[in-house]
Amino acid sequence: MYINEAIRRAQSYCPSEYSVSEMYTWCDEVSSMLTIEDREVFQKVTLAPDLNGDILLPEDVGFENVRAVIYNGKYLKKTDLRKVQDLGDIKSPVDIVFSMPYIPIRQANYRGEITFDKTESAITVHTDMYRAGDSVNISVGDKSAELSVFDVKFTQNGFKLYVPKGSIDDFSDTEDGTVCRIITDKTVCDAPYDGMYVDYLIAKICMYQRDFNTYNQFMTAFNSRLDAYKRWITNNIPQDGGKLYGWW
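Description of the structure in this document. In this text the structure is predicted, and so the values were computed from the model without any measurement.

### Section: the overall build of the protein
Each helix and strand in the protein was counted, giving four helices and 11 strands. Counting the 248 residues in the protein, one finds 36% classified as buried. Of all intrachain contacts in the protein linking residues separated by at least 6 positions in sequence, the fraction that spans at least 24 positions is 67%. Counting only carbon and sulfur atoms, one obtains 49% of the accessible surface of the protein, whose full area is about 14,600 Å².

### Describing the packing of aromatic side chains
The tally for this structure, following the rule as stated, stands at nine aromatic pairs. With a centroid separation of 4.7 Å and an interplanar angle of 5 degrees, the aromatic rings of Phe116 and Phe171 are classed as stacked. In this pair, Phe116 sits in strand β5 (residues 109-117) while Phe171 sits in the loop between β10 (158-162) and β11 (174-181), placing the two residues 55 residues apart along the sequence. The buried category is assigned to Phe116, whose relative accessible area is 4%. Relative accessible area serves as the criterion here: at 4%, Phe171 is assigned to the buried category. Taking 5.1 Å as the distance between ring centres and 55 degrees as the angle between the ring planes, the aromatic pair formed by Phe154 and Phe159 counts as tilted. A residue is classified by how much of its surface remains accessible, and Phe159, at 23% relative accessible area, is partly exposed. Through successive ring pairs, a cluster of aromatic residues spans Tyr18, Trp26 and Tyr208.

### Quick word on the packing of helix α1 (residues 3-13) against helix α3 (residues 195-208)
At a closest axis distance of 9 Å, the pairing of α1 and α3 adopts a crossing angle of 45 degrees. Classified by the angle between their axes, α1 and α3 sit oblique to one another. Two packed elements cross with a definite hand, and for α1 against α3 that hand is right-handed. Contacts between α1 and α3 involve Ile3, Ala6, Ile7, Arg9, Ala10 and Tyr13 on the former and, on the latter, Tyr197, Val198, Leu201 and Ile202. Among the residues forming the contact of α1 with α3, the class breakdown is nine nonpolar, no polar and one charged.

### Some remarks on the pattern of salt bridges
Pairs can form between side chains of opposite charge whenever their charged atoms are close. A full pass over the atoms with the stated rule returns 10 salt bridges. Here Arg106 and Asp134 are joined by a salt bridge, their closest N and O atoms 2.9 Å apart. You can see Arg106 sitting in the loop between β4 (94-99) and β5 and its partner Asp134 sitting in the loop between β6 (122-125) and β7 (135-140), a full 28 residues away along the chain. Through salt bridges with shared partners, a single ionic network connects Arg106, Asp134, Arg181 and Asp185.

Thresholds, definitions, all that
Residues numbered from 1 in each chain as written. Predicted model: local features only at pLDDT ≥ 70, side-chain atom pairs only at ≥ 80, totals over all residues. Heavy atoms only, no water. Helix = DSSP H or I, 4+ residues; strand = E, 2+ residues; numbered from the N terminus. Buried < 20%, exposed > 50% of the residue type's maximum accessible area, 1.4 Å probe, protein only. Contact = heavy atoms within 4.5 Å. Areas by Shrake-Rupley, 256 points an atom, 1.4 Å probe, with all protein chains shown as cover. Phe/Tyr/Trp six-rings, centres within 6.5 Å; stacked < 30°, edge-to-face > 60°. Axes fitted to C-alpha atoms, helices over the stretch in contact; angles between N-to-C directions. Parallel < 35°, antiparallel > 145°, perpendicular 65-115°, else oblique. Left-handed = near helix turned anticlockwise from the far one by under 90°. Nonpolar A, V, L, I, M, F, W, Y, C, P; charged D, E, K, R; others polar. Salt bridge = Lys/Arg side-chain N within 4 Å of Asp/Glu carboxyl O.

This is the structure we're talking about:
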């Protein structure tokens, strides 16, 4: 289910004064919990030792996220949360398999000056919030357009977003307006468990509205779906303990 669909259902069942932005944050609470506890995503990086023979992890990877260290084709034992077994005199690169941190929904909403370059089919904004592959909604006065961003480049005038040829011909060269990323994120779990997002959103609304009876009902429904999802995960994980193969 798309996150926007979960929010639409929650708003339909339980209208409230809370913004979509707030509901994205609540959905992040569910997604981060499921990602950390049940649906880890792994990545491998090959690192060479420095001059002192030390292996330096990437800045955004803590040692607690390391799931496997492979040296010369052998798994190394993780002795505690600070080190692995002694590597001895390291001569060759080491493969590190780590759990990717959860990345929150990126709410990119820019308001300000927009420069339209029709020759290069690009718009320039003064923020680095956008990425290649984003879909954005541009709104200037009574004109608007939904566009795909093919590339983003930094220039001395700002960040230039490249969009389809001819898609910005109706806009003036420089105008004040808004550029909003169209959220296309999905729930971490699929049907029939994705309804837990709707349950959780309604429960949060009711909690802040101090309607604790309804809150308890939807938190019970949320926990029921969550337990069923965890049972499904347990029944479908590898029976050998989930050892990682084929990383080297």
